[in-house]
Amino acid sequence: MATPFNAAAAAYGNAAKLLTQATEGPPEMLNQGGQGPDFAKMLASSVQSVVDTGRSSEQLSLDLVNGKANVVDVVTAISQTEMAVETMVTVRDRVISAYEEIMRMPI
């Protein structure tokens with residue numbers, strides 16, 4: 001059985017892999033002729049932000065266990081991480097919903 005810290009470390013590792021895969025790849029997939037912002041880079045930046053938020057709250061939690069952090073700071077950091085993850089999940093769900101809607105369109 002995985003402890004919460006091991007599960008969090010595994011989740012951060014998986015997110016880092018996804019981030020690496022999103023930023024690497026064929027150049028033609030990363031930016032279409034220099035038009036507008038690069039969606040893959042924007043998505044990678046957002047995922048990295050969520051990962052960084054999670055790492056900082058995890059570090060604060062460990063500092064609290066060691067008696068080096070304030071409970072209020074830890075609760076605030078965990079709440080920020082929770083909101084960031086929920087936002088990322090909501091965006092993912094909406095992208096999937098939009099994809100499914102497009103796939104239902106008649107050709």
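Predicted model, so just to flag it, every value in this text is computed and none were measured.

Procedures and definitions
Residues numbered from 1 in each chain as written. Predicted model: local features only at pLDDT ≥ 70, side-chain atom pairs only at ≥ 80, totals over all residues. Heavy atoms only, no water. Helix = DSSP H or I, 4+ residues; strand = E, 2+ residues; numbered from the N terminus. Buried < 20%, exposed > 50% of the residue type's maximum accessible area, 1.4 Å probe, protein only. Areas by Shrake-Rupley, 256 points an atom, 1.4 Å probe, with all protein chains shown as cover. Salt bridge = Lys/Arg side-chain N within 4 Å of Asp/Glu carboxyl O. pLDDT = per-residue confidence, 0-100. Expected span 1.5 Å × (residues − 1). Contact = heavy atoms within 4.5 Å. Polar contact = N/O pair within 3.5 Å; in protein donor to acceptor, adjacent residues only side chain to side chain.

## Side note on the overall build of the protein
Logical step 1: Check the secondary structure of the protein and you find four helices and zero strands.
Logical step 2: Listing every helix and strand of the protein by position from the N terminus yields α-α-α-α.
Logical step 3: Within the protein, the proportion of its 107 residues that are buried is 18%.
Logical step 4: By element, 63% of the accessible surface of the protein is carried by carbon and sulfur atoms, the whole surface being about 8,200 Å².

## What to know about the pattern of salt bridges
Logical step 1: Per the counting criterion, the structure on display carries two salt bridges.
Logical step 2: The partner of Arg92 in a salt bridge is Asp93, and the shortest N-O contact between them spans 2.7 Å.
Logical step 3: Residue Asp93 is classed as partly exposed on the basis of its relative accessible area, which comes to 38%.

## A few points about the confidence of the model for the protein
Logical step 1: Residues of the protein with pLDDT of at least 70 account for 66%, and the chain-wide mean is 80.
Logical step 2: Per-element mean pLDDT across the protein ranges from 49 in helix H2 (residues 27-30) up to 93 in helix H4 (residues 71-104).

## Here's the deal with H4
Logical step 1: Here H4 is 34 residues long and its end C-alpha atoms lie 49 Å apart, about the 50 Å a rise of 1.5 Å per residue gives.
Logical step 2: Within the span of H4, buried status applies to Val74, Ala77, Thr81 and Ala84.
Logical step 3: In the core, the buried residues of H4 are packed alongside helix H3 (39-65).
Logical step 4: N-capping of H4 is provided by Asn70, with a side-chain oxygen placed 3.3 Å from the backbone N of Val72.

## Quick notes on the environment of Asp93
Logical step 1: If you trace the backbone, Asp93 turns up in helix H4.
Logical step 2: There is a polar contact of 2.7 Å between the side chain of Asp93 and the side chain of Arg92.

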